[in-house]
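Okay, here's what each chain looks like letter by letter:
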Amino acid sequence: MRGRYGAGVACALLLLLSALLTGCQSPSAAEDDGRLDKTASEERAAPTRPAGYGAVFLGVDECSSFGTTSFTEVPCAGERAAARVVSRHDGRVGDGPLCPGTTDFVLHISEQSRGSDEDGDGAVPQGYACMRNLTGPHPGDPGGGGGPRTIVGDCVYSSGDGQVRETSCDGKAERKPQYKVTKAVDKRAGCPLSTALYVQLGGEKPVGCARPV
């Protein structure tokens, strides 16, 4: 009797052990283990930049902090964000493409080695970022009195020696406007007869036709 009871207990223990082993090898558990391992691997491989940073330092649609001589890349939704990148190019400004017409200012990016890169994940080549303020004023807008480019709608004044400089069209700046660019053309011959001054604009239509204001 004790032998049959002992054998029954042994069988029950074996069945319980078998069930436990089978449960440990169930498909769902194996899939969970694989998923967790993959997630951990992805987290280790993920970049350590804070949210809002991209793979390229100050890439298009990323934002910078305040300042044009000292600045950092910051999340666009953060309180330190001041301007957004609308165009980004490697090299020097004089050698690369023009910024969009309504660019407010240009950030010049110095070349940085891997060791001096702010997050240590790679080198930053020399380049420039064309920036647009997140809020007004926008000096790059037509008549705004600033920006890296002169465009149609801007006003200028004579600075001597055949040179002109941009100023705001509303007359509130220190220098009052003398001429306003009304048209951009390929060649001077395309300007209207009322043109009193030709302004160099650059781009596909490099000649600006300006009239007195």
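Residues numbered from 1 in each chain as written. Predicted model: local features only at pLDDT ≥ 70, side-chain atom pairs only at ≥ 80, totals over all residues. Heavy atoms only, no water.

A separate point is the pattern of salt bridges. Applying the stated rule across the entire model yields 4 salt bridges. Here Arg132 makes a salt bridge to Asp104, at a shortest N to O gap of 3.7 Å. Residue Arg132 is found in strand β5 (residues 127-133), and its partner Asp104 is found in the loop between β3 (83-90) and β4 (105-109); the two are separated by 28 residues along the sequence. The class for Arg132 is partly exposed, based on a relative accessible area of 22%. Residue Asp104 is classed as buried on the basis of its relative accessible area of 4%. Close ionic contact of Asp141 with Arg132 constitutes a salt bridge, the shortest N to O distance being 2.8 Å. A residue is classified by how much of its surface remains accessible, and Asp141, at 25% relative accessible area, is partly exposed. (Salt bridge = Lys/Arg side-chain N within 4 Å of Asp/Glu carboxyl O. Helix = DSSP H or I, 4+ residues; strand = E, 2+ residues; numbered from the N terminus. Buried < 20%, exposed > 50% of the residue type's maximum accessible area, 1.4 Å probe, protein only.)

Okay, the state of the cysteines next. Here the structure, examined in full by the defined rule, presents 4 disulfides. In this model Cys63 forms its disulfide with Cys76; the gap between the sulfur atoms is 2.1 Å. Its S-S torsion of approximately 100° makes the covalent link between Cys63 and Cys76 right-handed. Pair noted here: Cys63 is in strand β1 (residues 63-64) and Cys76 is in the loop between β2 (73-74) and β3, with a separation of 13 residues, a long-range link. A sulfur-sulfur distance of 2.1 Å marks the disulfide that ties Cys155 to Cys169. Note on the Cys155 and Cys169 pair: the S-S dihedral is about 110°, so by sign convention the disulfide is right-handed. On the criterion of sequence distance, the pair formed by Cys155 in strand β6 (residues 155-160) and Cys169 in the loop between β7 (163-167) and β8 (179-185) is long-range, its members being 14 residues apart. What makes Cys155 buried here is its relative accessible area of 3%. Sequence-ordered numbering of the bonded cysteines in the protein chain gives a disulfide pattern of 1-2, 3-4, 5-6, 7-8. (Disulfide = S-S within 2.5 Å.)

The strand order across the open sheet built from 5 strands is β7-β6-β8-β10-β9, with neighbouring strands paired in antiparallel fashion. The strands lining the two open edges of the sheet, one partner per strand, are β7 and β9 (197-200). Between one strand axis and the next, the sheet turns through 45° on average, direction left out of account. (Pairing = 2+ DSSP bridges. Axes fitted to C-alpha atoms, helices over the stretch in contact; angles between N-to-C directions.)

Soluble globular proteins tend to pack their nonpolar side chains together in the buried interior. Counting 11 residues, the largest nonpolar core consists of Phe57, Leu58, Phe71, Ala83, Val85, Phe105, Leu107, Ile109, Val124, Ala129 and Met131. Elements represented by at least two residues in this core include exactly β3, β4 and β5. Ranked by residues supplied to this core, first place goes to β4 with 3 residues. Contact partners of Leu58, with chain neighbours within four places excluded, come to Cys63, Ser64, Phe71, Glu73, Val85, Arg88, Leu107 and Ile109. In terms of nonpolar packing, the next biggest core, distinct from the first, is built from 6 residues, Val156, Val181, Leu197 and Ala210 among them. (Core = buried A, V, L, I, M, F, W, Y, C linked by side-chain atoms within 4.5 Å. Contact = heavy atoms within 4.5 Å.)

Further remarks concern the sheet that holds β3. The strand order β2-β1-β3-β5-β4 describes an open sheet built from 5 strands, whose pairing is antiparallel. The sheet is open, and its two edges are formed by β2 and β4, each paired on a single side. Looking at chain direction, β1 and β3 are connected through 2 bridges and run antiparallel. Considered in β3, the bridge of Ser64 is made with Ala83.

Moving on to the confidence of the model for the protein chain. Averaged over every residue, the pLDDT of the protein chain is 77; residues scoring 70 or more account for 67%. Low pLDDT, under 50, characterises residues 1-52; the stretch is placed with 11 contacts to residues that sit more than four places away or in other chains. Low pLDDT (under 50) marks residues 114-120, which in the prediction has 13 contacts with non-local residues, meaning those over four places away or in another chain. (pLDDT = per-residue confidence, 0-100.)

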